[in-house]
Amino acid sequence: MAFIPTVDEDKCEGCEECVDVCPTEVFELEDEKAVPVNAEECLGCESCIEVCEPGAITVEET
Ligand code: SF4
Ligand code: SF4
């Protein structure tokens with residue numbers, strides 16, 4: 001089982017909450033937008049979804 005986290009750039013406000021909360025450091029901030037640079041490390045815990053106020057993050061299970 002794998003998880004694919006994605007960020008809707010139009011919704012992301014660059015708050016960095018997802019960068020801080022992710023246990024496997026999936027996200028980095030680039031040009032004030034969160035980018036899932038280590039998407040393959042995602043555990044599917046959904047902590048990033050919980051902290052993202054604008055609802056910019058989706059985690060798809062494959
Ligand atoms: S928590 Fe949401 S709004 Fe904040 S940086 Fe991450 S994706 Fe963007
Ligand atoms: S679901 Fe969990 S492991 Fe995956 S990107 Fe979000 S916080 Fe990180």
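Residues numbered from 1 in each chain as written. Chains lettered and ligands numbered in written order. Predicted model: local features only at pLDDT ≥ 70, side-chain atom pairs only at ≥ 80, totals over all residues. Heavy atoms only, no water.

The next thing to look at is the site of ligand 2. Taken together, C22, P23, T24, V26, F27, C42, L43, G44, C45, E46, C48 and V59 make up the full set of residues near ligand 2. Per-class residue counts for the shell around ligand 2 are nine nonpolar, two polar and one charged. (Near = heavy atom within 4 Å. Nonpolar A, V, L, I, M, F, W, Y, C, P; charged D, E, K, R; others polar.)

Before going further, it helps to spend a moment on the environment of G44. Relative to the helices and strands, G44 resides in the loop between β3 (33-36) and α2 (47-51). By relative accessible area, G44 is classed as partly exposed at 21%. In the structure, G44 is positioned 21 residues away from P23 in sequence and 10 Å away in space, judged by C-alpha atoms. Those residues in contact with G44 that lie beyond four places of it in its chain are F3 and V59. (Helix = DSSP H or I, 4+ residues; strand = E, 2+ residues; numbered from the N terminus. Buried < 20%, exposed > 50% of the residue type's maximum accessible area, 1.4 Å probe, protein only. Contact = heavy atoms within 4.5 Å.)

Turning next to the site of ligand 1. For ligand 1, the full set of nearby residues is V7, C12, E13, G14, C15, E16, E17, C18, A34, C52, P54 and I57. Looking at the shell around ligand 1 residue by residue, the classes come out as eight nonpolar, one polar and three charged.

Of all hydrophobic cores here, the largest spans 14 residues; its most connected members are V7, C18, F27, A34, C48, I57 and V59. Put simply, the parts of the chain that give this core at least two residues each are β1 (3-7) and β4 (57-61). Once residues lying within four places of it in the same chain are set aside, the contact partners of A34 are V7, C12, C18, F27, E28 and L29. (Core = buried A, V, L, I, M, F, W, Y, C linked by side-chain atoms within 4.5 Å.)

This part takes up the pairing of strand β2 (residues 27-30). Relative to β3, β2 is paired through four bridges, and the arrangement is antiparallel. Residue pairing in the sheet places F27 in a bridge with P36 of β3. (Pairing = 2+ DSSP bridges.)

Structurally, the position occupied by C42 is in the loop between β3 and α2. Beyond its immediate chain neighbours, meaning those up to four positions away, C42 contacts F3, P5, T24, V26 and V59.

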